[in-house]
Amino acid sequence: DAKTTQPPSMDCAEGRAANLPCNHSTISGNEYVYWYRQIHSQGPQYIIHGLKNNETNEMASLIITEDRKSSTLILPHATLRDTAVYYCIVINTDKLIFGTGTRLQVFP
Amino acid sequence: GAVVSQHPSRVICKSGTSVKIECRSLDFQATTMFWYRQFPKKSLMLMATSNEGSKATYEQGVEKDKFLINHASLTLSTLTVTSAHPEDSSFYICSASRGGRTGELFFGEGSRLTVL
């Protein structure tokens, strides 16, 4: 079973920041937080991952709370092409178990 | 970035026939590949883990005789849906690990199977 809880859906205006929360209160010390997204009818795409520290790359930022029980994925300037289902996954192996994710709708 | 390709992207077949889906890592060697299936508006469900040169490990509830997986080389894994039925109609997706960061997998584009 997935170890994360995410809101089923969110809306965001184009150009604004999209903040997607994820709860992983049972995370273990050696488990990473990974984020993937899936655009309709395509395979998932890796976004970002972290262990303890906040991370940033060209796609997004990941904020992990100090107790590691939750995290937030931030898309700083959402575009229409960011409309997708976003999955937060907690793992320490390559075996990814997907939860239900958050369906992000970016509107003009 | 690493590329994983699936073929065919769409396939329609008659009930009772078998269908083979290929998953190739185009620019890296993948010792481990994973197969998922996805129903409309649902999340991805892991079916099996495929390791090069050994038998696949199937998740609970997945019939290994129904979904044959072969990982004959470091760049190719195949999923064969045997004696397909309409309930096997689904979106099948593969992913591959190139042995880098744990959890960083590269996914294929998916293959949509429709069984008539």
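What counts, and where the lines are drawn
Residues numbered from 1 in each chain as written. Chains lettered and ligands numbered in written order. Predicted model: local features only at pLDDT ≥ 70, side-chain atom pairs only at ≥ 80, totals over all residues. Heavy atoms only, no water. Core = buried A, V, L, I, M, F, W, Y, C linked by side-chain atoms within 4.5 Å. Buried < 20%, exposed > 50% of the residue type's maximum accessible area, 1.4 Å probe, protein only. Helix = DSSP H or I, 4+ residues; strand = E, 2+ residues; numbered from the N terminus. Contact = heavy atoms within 4.5 Å. Buried area = accessible area lost by both parts, 1.4 Å probe. Salt bridge = Lys/Arg side-chain N within 4 Å of Asp/Glu carboxyl O. Polar contact = N/O pair within 3.5 Å; in protein donor to acceptor, adjacent residues only side chain to side chain. Pairing = 2+ DSSP bridges. Axes fitted to C-alpha atoms, helices over the stretch in contact; angles between N-to-C directions.

With that settled, the discussion passes to the nonpolar core. Across soluble globular proteins, nonpolar side chains have a tendency to be buried as a group. Counting 26 residues, the largest nonpolar core has B:Val4, B:Phe28, B:Trp35, B:Phe67, B:Leu79, B:Tyr92 and B:Leu113 as the members making the most contacts within it. Listed by contribution, the elements that provide at least two residues to this core are β2 (10-13), β3 (19-25), β4 (32-38), β5 (44-51), β7 (67-73), β8 (76-81), β9 (90-97) and β11 (111-115) of chain B. Not counting residues up to four positions away in its chain, the partners in contact with B:Leu79 are B:Val19, B:Lys20, B:Ile21, B:Trp35, B:Phe67, B:Leu68, B:Ile69 and B:Tyr92. Counting 21 residues, the second-largest nonpolar core is a separate cluster that includes A:Leu20, A:Val33, A:Tyr86 and A:Val90.

Interface size is often expressed as the accessible area that is lost when the parts come together. Facing 20 residues of chain B, the contacting portion of chain A comprises 20 residues. Each partner contributes to the roughly 1,600 Å² buried at the junction of chain B and chain A, and carbon and sulfur atoms together form 55% of this total. Looking at the side of chain B facing chain A, the largest losses of area belong to B:Thr102, B:Gly103 and B:Phe107, adding up to 29% of the total buried there. Here chain B and chain A share one salt bridge between them. The salt bridge involving B:Glu59 is made with A:Lys95; its shortest N-O contact spans 3.0 Å. The tally of links between chain B and chain A comes to seven residue pairs in polar contact (both at pLDDT 80 or more).

Moving on to the sheet that holds strand β9 (residues 102-107) of chain A. Residues and elements named next belong to chain A. Spatially, five strands are ordered β1-β9-β8-β3-β4 in an open sheet, and the strand pairing comes out mixed. Of all strands in the sheet, those with a lone pairing partner are β1 (9-13) and β4 (45-50), marking the two edges. Across the sheet, the mean angle separating the axes of adjacent strands is 25° when strand polarity is ignored. Pairing analysis gives five bridges linking β1 to β9, with the strands arranged parallel. Bridge assignment links Ser9 to a residue of β9, and that residue is Arg103.

Let us now look at the pairing of strand β2 (residues 18-23) of chain A. Residues and elements named next belong to chain A. Covered by surrounding structure in β2 are Ala18, Leu20 and Cys22 only, the residues Asn19, Pro21 and Asn23 on the alternate face being uncovered. In the sheet, β2 pairs with strand β7 (residues 70-75) via six bridges, with the strands oriented antiparallel. Considered in β7, the bridge of Asn23 is made with Ser70.

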